[in-house]
Amino acid sequence: MSPLTTTILFSSLGLGTILTMSSHHWLMAWIGLEINTLAIIPMISQQHHPRATEATTKYFLTQAAASALILFSSTTNAWTLGTWDIIQMTNPTSTTLLTAALAMKLGLAPTHFWLPEVLQGAKMSTALIITTWQKLAPMSLIYLTMHTLSPTILLLMGMLSSLLGGWGGLNQTQTRKLMAYSSIAHLGWMATISTILPNILTLTLIIYLLMTTTMFSTLIMLKSKTLQDLSTTWTTAPTITIISLLTLLSLGGLPPLTGFMPKWLILEELTMQNLTPTATIMAMSALLSLFFYLRLTYTTTLTMAPNTTPTKHKWRFKNSSPKLLTMATPATLLMLPMTPLLIS
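Please read these numbers as outputs of a predicted model, since none were measured by experiment.

**Regarding the UniProt feature "transmembrane region" (unreviewed entry) in the chain**
Reasoning step 1: The sites that UniProt annotates as "transmembrane region" (unreviewed entry) are residues 56-75, 152-171, 234-255, 275-294 and 324-343.
Reasoning step 2: Helix makes up 100% of residues 56-75 and strand 0%. Its end C-alpha atoms lie 28 Å apart.
Reasoning step 3: The span residues 152-171 carries 85% helix and 0% strand; its end-to-end C-alpha distance comes to 30 Å.

Here it is as structure tokens:
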């Protein structure tokens, strides 16, 4: 892809997200989402491969259907109330449709089936954009409309997403699919807390973005697409392998790493709101996710002796510049002591 094309596509991605996040009118928010979708499609399909074409088609169809639902819900709301203001969506039918549309946009269960397939067909760098940047615009719409959305629907979707995210990742051997199910589980935690405490939603989203960016950066630098690839990384890049191990444990929510913070705060808030059964289900679902993260760390670091003997599986190519990894790693691993500062 030429530098000019890349610049246009990335500019459009940024423009679409910022337009949606800063708009008060439903049509402007919808236009931003459409620009976003149309900018990412050439990135997914740039590999001339049937799987990439299939992933592009699936992504386009799901995002187009979700955008149409958003437009339909906002039109219905404007018809009954006479306003296009995003904050003033109070029609029950419209809010239910909007919740379904945003769930489809994000990849929340039960509309999550497209996400693992699309990530598997895309390049690692494109998969990173889909699981991080592409979540910002729909999340901002949830943030703007959270006082009108149904808490019951979001709690159910959150519980289902965290359960299916953990369950779906158990038998996966492809790292991109594992990260897709990880994304579904984390989005479930965000959906659960979204209507209760927006501050924790924002904090959880930021930490999720940091952890996912770090993990994808290590996978890109190690060129690891499967578990078998990960099992031979110790001999080629020991330092990055250690970072990926700690990042996986942080994604699983183990203390004293950063990933423990959002889970702890969400479970505490759910308990305070007398939603103890929901908190119990969420904690149990976190164990499912933790199992496949631990399996991944075991495969990565404990199946080979920690030596630097020449390996037959991978050439020692010069790694790309680790600037993104350098910036994201400290926040991914060391932010837990800053919890009081972040929630104040």
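Additional details are given in the paragraphs that follow.
**Focus: unusual backbone geometry**
Reasoning step 1: Residue Pro110 is reached from Ala109 by a cis peptide bond, and omega for that bond is 5 degrees.
Reasoning step 2: Positionally, Pro110 belongs in the loop between helix 4 (92-106) and helix 5 (114-121).
Reasoning step 3: Here Pro255 and Pro256 are connected by a cis peptide whose omega angle stands at 5 degrees.
Reasoning step 4: Position of Pro256 among the secondary structure elements: in the loop between helix 12 (238-252) and helix 13 (260-272).

**Concerning the nonpolar core**
Reasoning step 1: Core analysis: the largest hydrophobic core is formed by 80 residues, its most contacted members being Trp26, Ile40, Ile44, Tyr59, Ile130 and Met139.
Reasoning step 2: Sorting elements by how many residues they give to this core places helix 10 (residues 198-222) first, with 11 residues.
Reasoning step 3: No fewer than three residues from each of domain 1 (1-140) and domain 2 (150-343) sit in this core.
Reasoning step 4: Once you skip the residues sitting within four places of it in the chain, Ile130 turns out to touch Ile40, Ile44, Tyr59, Leu115, Val118, Leu119 and Lys135.
Reasoning step 5: If you look at the next biggest cluster of nonpolar residues, it comprises six residues, including Met221, Leu222, Ala237 and Leu325.

**Looking at the environment of Leu187**
Reasoning step 1: Take Leu187: it is sitting in helix 9 (residues 175-194).
Reasoning step 2: Expressed as a C-alpha distance, the spacing of Leu187 and Met124, which sit 63 residues apart in the sequence, is 20 Å.
Reasoning step 3: Residue contacts for Leu187: discarding those within four places in its chain leaves Leu106, Leu108, Lys135 and Met139.

About the thresholds
Here the residue numbers are simple positions, counted from 1 along each chain's written sequence. In keeping with the model being predicted, local features are shown solely for residues with a pLDDT of at least 70 and side-chain atom pairs are shown and tallied solely at 80 or more, while totals for entire chains, interfaces and linings include all residues. Think of the side-chain values as coming from all heavy atoms in the structure, minus any hydrogens and water. UniProt positions are given in the numbering used here, feature names are shortened, and annotations may be inferred rather than shown by experiment. Comment: elements are numbered from the N terminus, with helices defined as DSSP H or I runs of at least four residues and strands as E runs of at least two. What is meant by a nonpolar core is a set of buried Ala, Val, Leu, Ile, Met, Phe, Trp, Tyr and Cys residues, joined one to another through side-chain atoms within 4.5 Å. Buried residues are those whose accessible area, probed at 1.4 Å on protein chains only, stays under 20% of the maximum for their type, while exposed residues exceed 50% and partly exposed ones sit between those limits. Where each domain starts and ends follows an automatic or database-derived domain assignment. Residue contacts are defined here by distance: any two heavy atoms, one from each residue, within 4.5 Å place the two residues in contact.

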